[in-house]
Protein chains: 2
Amino acid sequence: MKLHRVGIVGLGLIGGSIGLDLQQMGYEVCGLVHRKTTEKRAKERGLAQVISTEVNVIENCSIIILALPLSQLVNPEQSLVDALPRNAVVTDVGSVKKPIIDIWEKLHPNFVASHPMTGTIETGVEAGKNKLFNGRTWITTPTNRTQLEALETIKQVATDLGSQWVTTDPETHDQAVALISHLPVFVSAALLQTAGKEEINKSITLAKRIASSGFKDTTRVGGGNPDLGMGMAMHNKSALLNAMKSYRSSFDKLEAIIRKDEWGKLKEELLETQESRPDFL
Amino acid sequence: MKLHRVGIVGLGLIGGSIGLDLQQMGYEVCGLVHRKTTEKRAKERGLAQVISTEVNVIENCSIIILALPLSQLVNPEQSLVDALPRNAVVTDVGSVKKPIIDIWEKLHPNFVASHPMTGTIETGVEAGKNKLFNGRTWITTPTNRTQLEALETIKQVATDLGSQWVTTDPETHDQAVALISHLPVFVSAALLQTAGKEEINKSITLAKRIASSGFKDTTRVGGGNPDLGMGMAMHNKSALLNAMKSYRSSFDKLEAIIRKDEWGKLKEELLETQESRPDFL
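The structure contained in this document is the topic of the report that follows.

### Regarding the side chain of His 115 of chain B
Residues and elements named next belong to chain B. Residue placement: His 115 occurs in strand E7 (residues 114-116). Given the relative accessible area of 6%, His 115 is considered buried. Separated by 2.8 Å, the side chains of His 115 and His 173 make a polar contact. Among all residues touching His 115, those that are not within four sequence positions of it are Val 93, Gly 94, Ser 95, Lys 97, Thr 137, Trp 138, Ile 139, His 173 and Val 177.

### Description of the pairing of strand E8 (residues 137-140) of chain B
Residues and elements named next belong to chain B. Of the two faces of E8, the one lined by Thr 137 and Ile 139 and the one lined by Trp 138 and Thr 140 are each fully buried. In this sheet, E8 lies alongside E7 in antiparallel orientation, the contact comprising 3 bridges. When the bridges of E8 are listed, Pro 116 appears paired with Trp 138. Both E8 and strand E9 (residues 164-167) contribute to a ladder of 4 bridges, which runs parallel. What sits directly across from Thr 137, in E9, is Gln 164.

### Let's talk about the nonpolar core
If you look at the biggest cluster of nonpolar residues, it comprises 82 residues, and the most contacted ones within it are Leu 183, Tyr 247 and Leu 266 of chain A together with Leu 183, Tyr 247 and Leu 266 of chain B. Beyond its immediate chain neighbours, meaning those up to four positions away, Leu 266 of chain A contacts Leu 254, Ile 257 and Ile 258 of chain A together with Phe 186, Met 230 and Ala 233 of chain B.

### Regarding the packing of aromatic side chains
Residue and element names in this part refer to chain A. According to the stated counting rule, one finds 10 aromatic pairs over all chains in the structure shown. When the centroid spacing of 6.2 Å and the interplanar angle of 25 degrees are considered together, the rings of Tyr 247 and Phe 251 count as stacked. With Tyr 247 and Phe 251 both in helix H11 (residues 237-259) and 4 residues apart, this pair spans about one turn of that helix. Judged by its relative accessible area of 1%, Phe 251 is buried.

### Some points on H11 of chain A
Over its 23 residues, H11 of chain A runs 32 Å from end to end, which matches the ideal 33 Å to within 8%, given 1.5 Å per residue. A positive phi of about 60 degrees marks Asp 261 of chain A, the residue just after H11 of chain A.

### Some points on the interface of chain B and chain A
Contacts between the two partners involve 92 residues from chain B, matched on the other side by 93 residues from chain A. Summed over both sides, the interface of chain B with chain A buries roughly 9000 Å², with 69% coming from carbon and sulfur. If you look at where chain B meets chain A, you find 12 salt bridges. Residues Arg 248 of chain B and Glu 255 of chain A are paired through a salt bridge, measuring 2.6 Å at the closest nitrogen-oxygen approach. Run the count over chain B and chain A and you get 34 residue pairs in polar contact (both at pLDDT 80 or more). Those elements that provide at least two residues to the side of chain B that touches chain A are E8, E9, helix H7 (170-195), helix H8 (204-210), helix H9 (213-219), helix H10 (226-235), helix H11 (237-259) and helix H12 (263-276) of chain B. Broken down by element, the side of chain B that touches chain A gets its largest block of residues, 20 residues, from H7 of chain B. Tallied by class, residues from the side of chain B that touches chain A come to 41 nonpolar, 30 polar and 21 charged.

About the thresholds
Residues numbered from 1 in each chain as written. Chains lettered and ligands numbered in written order. Predicted model: local features only at pLDDT ≥ 70, side-chain atom pairs only at ≥ 80, totals over all residues. Heavy atoms only, no water. Helix = DSSP H or I, 4+ residues; strand = E, 2+ residues; numbered from the N terminus. Buried < 20%, exposed > 50% of the residue type's maximum accessible area, 1.4 Å probe, protein only. Polar contact = N/O pair within 3.5 Å; in protein donor to acceptor, adjacent residues only side chain to side chain. Contact = heavy atoms within 4.5 Å. Pairing = 2+ DSSP bridges. Core = buried A, V, L, I, M, F, W, Y, C linked by side-chain atoms within 4.5 Å. Phe/Tyr/Trp six-rings, centres within 6.5 Å; stacked < 30°, edge-to-face > 60°. Expected span 1.5 Å × (residues − 1). Buried area = accessible area lost by both parts, 1.4 Å probe. Salt bridge = Lys/Arg side-chain N within 4 Å of Asp/Glu carboxyl O. Nonpolar A, V, L, I, M, F, W, Y, C, P; charged D, E, K, R; others polar.

Encoded structure:
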């Protein structure tokens, strides 16, 4: 079987990691990047065989992987869209699926929506690494417009990279991501804000001394890159608002239990959360 | 200067660690434990020179450290209270100060309220380790009934253990602990509950596959020991409810910003949380 020539648009954490692994498997990999400085560094790191800032670098590829940030996936440059070979299979790596599908199913006949889970947060041309996807989940959210053959092609790439291929519908995906990945950012950010309020925190100096691993862990994602949090909220707004509403009802319930001194009930609730957590790890 | 004979009540993480370090410095250390099995293991580990389940093991000590869980500190056994030498200096290690002070200032004339910060969560007779307090904060919350000489005695022990001695009032301490240590438990528990709700999470199986380090970190303290969470809520109830109220107003504000598509404002908020977090670490 002849392996495909793969075009990767963007050589950050995801694009760069895909490029490294696919080359080792014998795929031919072409990388399209935005900046000359990125091109130079990506070449030094060997993230693809051919790397350029010119869109025609992907013209003979049969698979295109759009490894771009969410904001660029939902608002793609026209020059990129024009450069995509019409007979190639095109996939993305975005963490939200519905808005991307709404746009890309109109832009390309062989679009396959996908979302590889990486679990790391580094970004940029230095971030790509070998075996990033090995043993991880790669989700696809096909619609009735998705071509079966195109779907099989992307599945092959994902499984070649060692991922487990999981199929679901876009709404279910976006709601799950809202709960598991986007809601924690705002839950965590609100905690940081509260700790910094002078009207309740009589001694912020003391609070800073008291803060230890519990506070550190619980606030990590809320103290992260603001653009990531913004992108989640903008592009997964309705699922996130649903998740926030549901979260508030859980929080209010715990508060009411404490207010009413229902300690037996509180213990039951905390036992349940203790027991449920390992399932998510 | 003759070093004190120190009695430690409870040889778990805190008591055991204090015992190990103080012996190395030449202090004489007597340990009082609850169970015969603990006595045996504590002796094998050398957590104190003399260890017993009989309360008279502490009868000749000039310093007593009550290294007990919160629930036992606020509801001490009468046999323990009776066994405390009246001329000894007595301190505790509880993470909430007001309810402990209310009880212990009536029970002993030389009581000094204190709270060493450890930042680890292991418990039991195996948990004690050397240098646990080195470079960490040891808070005291004296009142107008606290004896200055007694305060100086405990300060000496804390600084001998390498801790930084910090003085504040009980209310400020309890509010800071509520914000930094207790609130995160319930913020995090509510997140776990939300992720497990079938009415919003159409595919819990998928959610479990998606969960990665962000979810893991944000839910760690909410999935911890239910008794710890219960103790925080019971013994620091009013400060915790204040903190929860303030938290909800932060959370609601973020939700309103998202609902109204105020992306510029959201970015400002997330920039602020990003900038504030390093101060707490």
